[in-house]
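Understanding the architecture of this molecule
Each chain, letter by letter, is given below.
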Amino acid sequence: RELDRHNHEHQDSQVSVRIGLSVGEPLREDQDLFGSSVARAARISAAALGGQVLVCQIVQALVAGTGDFDIREAGQFELKGISGTQTLSEGIWRR
């Protein structure tokens, strides 16, 4: 929401990010997080376009009833290092 606000107020210097969300317990070592959930989120993020929030099916199920997002299916994706195709959805902030 803050990026959306920034981009609305600063048309000449807009920021566009790709966000990928997954769910799972990350492993911590020193100041770093890693593990399958972190890798999955990174791969989902890599599949997103600038300004897009892509989520895996479990995230979609968790946020679907909150009323904060509109969720629409984005399609089937092959994610590097993850077997099979993954169904991803796009989360869209409600204004």
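For clarity, every value in this text was computed on a predicted model and none was experimentally measured. (Residues numbered from 1 in each chain as written. Predicted model: local features only at pLDDT ≥ 70, side-chain atom pairs only at ≥ 80, totals over all residues. Heavy atoms only, no water.)

Let's talk about the side chain of Glu90
Within the secondary structure layout, Glu90 lies in strand 6 (residues 85-93). In contact with Glu90, not counting residues within four places along its chain, are Gln52, Val53, Leu54, Asp70, Ile71, Arg72 and Ala74. (Helix = DSSP H or I, 4+ residues; strand = E, 2+ residues; numbered from the N terminus. Contact = heavy atoms within 4.5 Å.)

Things to note about the nonpolar core
Core analysis: the largest hydrophobic core is formed by 11 residues, namely Ile44, Ala48, Val53, Leu54, Val55, Cys56, Val59, Val63, Leu79, Ile82 and Leu88. Counting only elements with at least two residues in this core, the list comes to strand 4 (53-55) and helix 3 (57-63). The element best represented in this core is strand 4, accounting for three residues. (Core = buried A, V, L, I, M, F, W, Y, C linked by side-chain atoms within 4.5 Å. Buried < 20%, exposed > 50% of the residue type's maximum accessible area, 1.4 Å probe, protein only.)

Some words on the pairing of strand 6
Relative to strand 6, strand 4 runs antiparallel, the two being bridged by two bridges. Bridge assignment links Val55 to a residue of strand 6, and that residue is Ser89. Here strand 5 (residues 69-78) runs beside strand 6; their pairing, made up of nine bridges, is antiparallel. For Gly75, the partnering residue across the bridge sits in strand 6 and is Leu88. Where strand 5 folds back onto strand 6 in an antiparallel hairpin, the turn is made up of six residues, including Gly81, whose phi is positive at roughly 80°. (Pairing = 2+ DSSP bridges.)

A word on helix 2 (residues 36-47)
What sets the pattern is the α-helix's 3.6 residues per turn: residues three or four places apart point alike. Along its 12 residues, helix 2 runs 17 Å from first to last C-alpha, staying within 8% of the 16 Å computed at 1.5 Å per residue. Among all positions in helix 2, only Ser37, Ala41, Ile44 and Ser45 are buried. The buried residues of helix 2 all sit within an arc of 100° when viewed along its axis, so they share a single face. (Expected span 1.5 Å × (residues − 1). Arc of directions from axis to C-beta.)

As for the pattern of salt bridges
One pass over the full model with this rule turns up two salt bridges. Note that Arg5 is salt-bridged to Glu2, the shortest N-O span being 2.4 Å. With Arg5 and Glu2 both in helix 1 (residues 2-9) and three residues apart, the pair spans about one turn of that helix. Under the relative-accessibility criterion, Arg5 is labelled partly exposed at 41%. In this structure, the salt-bridge partner of Glu90 is Arg72, at a minimum N-O distance of 3.1 Å. Placement of the pair is Glu90 in strand 6 and Arg72 in strand 5, with a sequence separation of 18 residues. Residue classification places Glu90 among the buried positions, given a relative accessible area of 14%. Note on Arg72: relative accessible area 48%, which makes it partly exposed. (Salt bridge = Lys/Arg side-chain N within 4 Å of Asp/Glu carboxyl O.)

Distances and angles like these do not, on their own, reveal function.
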